[in-house]
Amino acid sequence: QVQLVESGGGLVQAGGSLRLSCAASGSIFSIDSMGWYRQAPGKQRGLVAIIARGGSTNYADSAEGRFTISRDNAKNTVYLQMNSLKPEDTAVYYCNVKGRKSTTHFSFDSWGQGTQVTVSS
């Protein structure tokens, strides 16, 4: 079993910053990709940013230049630094981690519980 614990969401004014964290724990042999997704009311969940094991990153157009994804492999943790936040960034943010379980080496694809980010105008 792999568990993800997210933190760092909250209420911020437009132009402000927030930093999200997501720590993975449990039966983990290795972690491949770590990513952040978001879902606004009435919309589908979509990719915000993703970081591969080697550190290469990919961002949604809406996040490019304002958000930075990073990871600490020693802590099995992924971060999302969000700057210059806009009201349209308001959503529930979910982390996603893909990797392989210890002992069996079967792959896993786990989601966090979600953390609310609200940006006021």
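Participant: Any chance you could break down the nonpolar core for me, citing the residues and the numbers?
Facilitator: Within the largest apolar cluster, 29 residues are counted, with the highest numbers of intra-cluster contacts made by W36, V48, F67, I69, L80, M82 and Y93. Within the residue set of this core, elements represented by two or more residues are strand 1 (2–7), strand 3 (18–26), strand 4 (28–39), strand 5 (46–51), strand 7 (67–72), strand 8 (77–82), strand 9 (91–101) and strand 11 (115–120). When neighbours within four sequence positions are excluded, V48 is seen to be in contact with W36, Y37, R38, N58, Y59, A60, A63, F67, L80 and Y93.

Participant: Go over the layout of surface pockets, please, and point to the residues and values.
Facilitator: A volume near 150 Å³ is recorded for the largest pocket. Elements represented by at least two residues in the lining of the largest pocket include exactly strand 4 and strand 5. Element by element, the count of residues in the lining of the largest pocket is highest for strand 5, at three residues. Residues that form the lining of the largest pocket fall into these classes: three nonpolar, five polar and four charged.

Participant: Lay out the side chain of N96 in plain terms, naming residues and giving numbers.
Facilitator: Examined against the element boundaries, N96 turns out to sit in strand 9. Polar side-chain contacts of N96 include one of 2.7 Å to the side chain of K98. Polar side-chain contacts of N96 include one of 2.7 Å to the side chain of D109. With residues up to four places along the chain from it excluded, the contact list for N96 reads S33, M34, G35, Y37, D109, S110 and W111.

Participant: Explain the pattern of salt bridges residue by residue, including any values.
Facilitator: This structure, assessed with the given rule, holds three salt bridges. Two residues, R66 and D89, come together in a salt bridge whose shortest N-O distance is 2.7 Å. Taken together, the residues span a long stretch of sequence, with R66 in the loop between strand 6 (57–59) and strand 7 and D89 in the loop between strand 8 and strand 9 at a distance of 23 residues. Taken individually, R66 and D89 each receive the classification buried, so the pair is uniform in this respect. Among the ionic pairs, D109 bridges to K98, the shortest N-O distance being 3.9 Å. Here the residue D109 occupies a position in strand 10 (residues 107–111), and K98 occupies one in strand 9, the gap between them amounting to 11 residues. Residue classification places K98 among the partly exposed residues on the basis of a relative accessible area of 29%. Each of R38, R66 and D89 takes part in a single network of salt bridges with overlapping partners.

Participant: Describe in detail the pairing of strand 7, supporting the description with residues and values.
Facilitator: Side chains F67, I69 and R71 of strand 7 all project onto a buried face; the interleaved residues T68, S70 and D72 project onto a face where none is buried. In the sheet, strand 7 pairs with strand 8 via six bridges, with the strands oriented antiparallel. In the sheet register, D72 faces strand 8, and the bridge partner there is T77. The hairpin turn running from strand 7 into strand 8, its antiparallel successor, is four residues long, and N76 in that turn takes a positive phi close to 50 degrees.

Calculation notes
Residues numbered from 1 in each chain as written. Predicted model: local features only at pLDDT ≥ 70, side-chain atom pairs only at ≥ 80, totals over all residues. Heavy atoms only, no water. Core = buried A, V, L, I, M, F, W, Y, C linked by side-chain atoms within 4.5 Å. Buried < 20%, exposed > 50% of the residue type's maximum accessible area, 1.4 Å probe, protein only. Helix = DSSP H or I, 4+ residues; strand = E, 2+ residues; numbered from the N terminus. Contact = heavy atoms within 4.5 Å. 1 Å grid on protein atoms, 1.4 Å probe; cavity = no way out; pocket = protein on both sides within 12 Å on 5 of 7 lines; lining within 4 Å. Points joined across faces, edges and corners; volume = space filled by probe spheres on them. Nonpolar A, V, L, I, M, F, W, Y, C, P; charged D, E, K, R; others polar. Polar contact = N/O pair within 3.5 Å; in protein donor to acceptor, adjacent residues only side chain to side chain. Salt bridge = Lys/Arg side-chain N within 4 Å of Asp/Glu carboxyl O. Pairing = 2+ DSSP bridges.

Any functional reading would require information beyond the geometric quantities listed.
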